[in-house]
Amino acid sequence: MSKLRRSRIHVSAGDRTLEIVCIIIFTIAAILCMYPFYYVIINSISANDISARGDVIFWPKGLHFHNFTSAFKIEGLPRAFLISILRTVIGTSFTVMASAYLGYMFTLEKMWLRKVWYRIIIATMYFNAGVIPMYLIMRQLHLTNNFWVYILPVIVSPFNLVLTKTFVEAVPREMLEAAEIDGAGTIKIFTSIIIPVIKPIMATVAIFSAVGQWNAFQDTLIYCTDNKLYPLQFVLYQYLNQASSLASLAQSTTSTQSLAAAAATSQTTTSVRMTITVIVVLPIMLIYPIFQKYFEKGIMIGAVKG
């Protein structure tokens with residue numbers, strides 16, 4: 001009988017030491033990356049007077065959720081939350097589909113003046129007209145105080161287009177030529193072949209677009225005066241300014257004894273900032289893991305052809 005021998009990979013003491021050192025370094029790096037989020041969360045649920053003094057470092061003190069209940073009572077917050085969700089979902093969907101389709105079209109030699117159009121789009125990465133000309137254009141297009149001002153100007157992103165085009169160029173040409181021989185047109189090839197193949201880069205573009213749409217509020221500041229169109233970010237931005245002013249006014253006009261009695265639950269500049277940060281960041285952090293498995297492959301293949 002022949003005996004089965006298991007081949008074992010010999011690991012030297014130096015390799016084992018290097019592995020342990022790498023694990024320690026990456027663990028420390030992960031903790032340093034996660035701690036700022038943890039710090040914001042524990043300060044948002046700690047007693048406001050303790051948080052304002054900077055005494056909350058590793059665990060919450062004077063646990064309470066009054067900051068969040070106060071924030072959720074802000075007038076117009078549900079409508080603003082809905083506007084943010086709508087602009088994120090609709091804007092991301094349009095941006096992803098436009099990037100995918102244009103990325104595919106710019107790889108087709110039969111596209112009319114494709115190099116010219118591509119260079120014009122890429123040029124916008126380095127040159128722009130500025131805020132005032134953009135406002136005048138939006139006003140001429142009747143997009144001021146219009147929900148679509150959040151969507152239409154950002155549908156085509158040069159950076160996303162470059163990533164998608166490079167990814168599409170890695171698709172075997174033989175596959176597309178075979179589909180053309182079978183009678184498939186441009187739209188059929190795009191929907192049946194290109195989209196299934198480029199899902200990783202589409203997920204990457206979706207992450208970039210969703211984060212940008214969710215965090216945007218400057219376009220509201222420039223183009224919108226109707227409070228029915230205010231997104232969550234802008235409403236919380238206003239609340240932050242108002243709460244900071246009220247906190248400063250209260251500290252200057254309230255007696256020391258009454259201020260100390262109400263300090264644990266009254267709003268402070270620090271508590272408002274921490275609470276708003278949690279409300280703004282938490283939803284997008286919960287969405288990110290859904291696309292994480294596509295992100296690394298998409299960004300690597302989209303950035304380097306091959």
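Residues numbered from 1 in each chain as written. Predicted model: local features only at pLDDT ≥ 70, side-chain atom pairs only at ≥ 80, totals over all residues. Heavy atoms only, no water.

Running from N to C, helix H9 (residues 186-197) and helix H10 (residues 199-215) point in directions that differ by 70°, and their axes come no closer than 5 Å. With respect to H10, the element H9 is oriented roughly perpendicular. Residues Ile195, Pro196 and Val197 of H9 form the contact with H10, whose own contacting residues are Lys199, Pro200 and Met202. The class makeup of the residues in the contact of H9 with H10 is five nonpolar, no polar and one charged. (Axes fitted to C-alpha atoms, helices over the stretch in contact; angles between N-to-C directions. Helix = DSSP H or I, 4+ residues; strand = E, 2+ residues; numbered from the N terminus. Parallel < 35°, antiparallel > 145°, perpendicular 65-115°, else oblique. Contact = heavy atoms within 4.5 Å. Nonpolar A, V, L, I, M, F, W, Y, C, P; charged D, E, K, R; others polar.)

The next subject is the side chain of Thr220. Here Thr220 lies in helix H11 (residues 218-223). Residue contacts for Thr220: discarding those within four places in its chain leaves Arg87, Tyr150, Tyr230, Pro231 and Phe234.

Our next topic: the packing of helix H7 (residues 158-169) against H10. Running from amino to carboxyl end, H7 crosses H10 at an angle of 170°, the nearest separation of the two axes being 10 Å. It follows that H7 is roughly antiparallel to H10 by the angle criterion. Facing Phe159, Asn160, Leu163, Thr164 and Phe167 of H7, the residues of H10 in contact are Pro200, Ile201, Val205 and Phe208. Partitioning the contact of H7 with H10 into residue classes produces seven nonpolar, two polar and no charged.

Moving on: the nonpolar core. Side chains of nonpolar character tend, in soluble globular proteins, to be buried together. Judged by nonpolar contacts, the single largest core of 25 residues is most densely connected at Tyr104, Ile189, Ile194, Ile198 and Met202. For this core, the elements supplying multiple residues, two or more each, are helix H4 (77-105), H7, helix H8 (173-181), H9 and H10. At five residues, the largest contribution of residues to this core is made by H9. Leaving out residues up to four positions away in the same chain, Tyr104 has contacts with Val168, Thr186, Ile189, Phe190 and Ile194. Counting 22 residues, the second-largest nonpolar core is a separate cluster that includes Val40, Ile45, Trp214 and Ile284. (Core = buried A, V, L, I, M, F, W, Y, C linked by side-chain atoms within 4.5 Å. Buried < 20%, exposed > 50% of the residue type's maximum accessible area, 1.4 Å probe, protein only.)

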